[in-house]
Amino acid sequence: MKVLIVNKSKHPMPQYATEHSAGMDLRANLNEPVVLQPLERKIIPTGLFIELPEGYEAQIRPRSGLAAKHGITCLNTPGTIDADYRGEIGVILANVSNEPFTVTDGERICQMVITRYTKAEMVEVEELSSSERGAGGFGSTGRK
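Residues numbered from 1 in each chain as written. Predicted model: local features only at pLDDT ≥ 70, side-chain atom pairs only at ≥ 80, totals over all residues. Heavy atoms only, no water.

### With respect to the sheet that holds strand β8 (residues 79–81)
Short version of the rule: Strand pairing is assigned whenever DSSP detects at least two bridges linking the two strands. Put simply, DSSP H or I for four residues or longer makes a helix, DSSP E for two residues or longer makes a strand, and each gets a number counted from the N terminus. Every axis corresponds to a line fitted to the C-alpha atoms, with the helix fit spanning only the stretch in contact, and the corresponding angles, defined between N-to-C directions, vary from 0 to 180 degrees.
Across the sheet, which stays open at both edges, the 4 strands sit in the order β2-β11-β6-β8 with antiparallel pairing between neighbours. Each having just a single partner strand, β2 (24–27) and β8 make up the two edges of the open sheet. On average, each strand axis in the sheet is inclined to that of its neighbour by 35 degrees, with strand direction left out of account.

Here it is in C-alpha cells:
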C-alpha cells in the first residue's frame, strides 16, 4: 500500500526499523529543544503531512524505550490520523515521571502504525442478547 507524504522536516522519511516492525518511528521537528516538566504535556511537531487511502488510519503510539526509561508517553493513545486529515502530524507527549525531560530535534518520539478499519452501522434495539459475562467489567473476571 502506498501512503502519500510531504516531509517538511529536516529529517529522513519515516521508516520501519526492522523487516517485521509494525510501526515506523516519527521524529521531533524542532527549532529548539522542548522541556517537558513532570506531569506536563505538549504537542510536538513532526513536519510530516500524509494522505492515507480511504479505509485506513494511522495510529500514533508511544515508544517503549521512552516510556520505560524516561516516563514519556503519548496521550490519547493510540492517537488516530484519519484518511481525510491533511494537516501536520503533531504528537501529544506527556511526562509521567518525576524528572524533567528534554525533547531534542530529530529525536524519535513515537511510532506510527497504518491499519485498516471497518465502518460500523449502528442498529438501535430495545435490548441486547444475554451472554455469560453479562454486564461484568472493570476487573469482574478476577486478578488471577
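### Some points on the nonpolar core
Put simply, the rule reads: Grouping buried Ala, Val, Leu, Ile, Met, Phe, Trp, Tyr and Cys residues that are joined through side-chain atoms within 4.5 Å yields what is termed a nonpolar core. Relative accessible area decides the class of each residue, using a 1.4 Å probe on protein chains only: under 20% of the type maximum gives buried, over 50% gives exposed, and in between gives partly exposed.
Membership of the largest hydrophobic core comes to 27 residues, with the highest contact counts inside it found for Ile-60, Ile-89, Leu-93, Val-103 and Met-112. Elements represented by at least two residues in this core include exactly β2, β3 (34–36), β5 (48–51), β6 (56–61), β7 (72–74), β9 (90–95), β10 (101–103) and β11 (108–116). Of the residues forming this core, the biggest block, 4 residues, is contributed by β11.

Treat this as a map of the structure, not an account of what it does.
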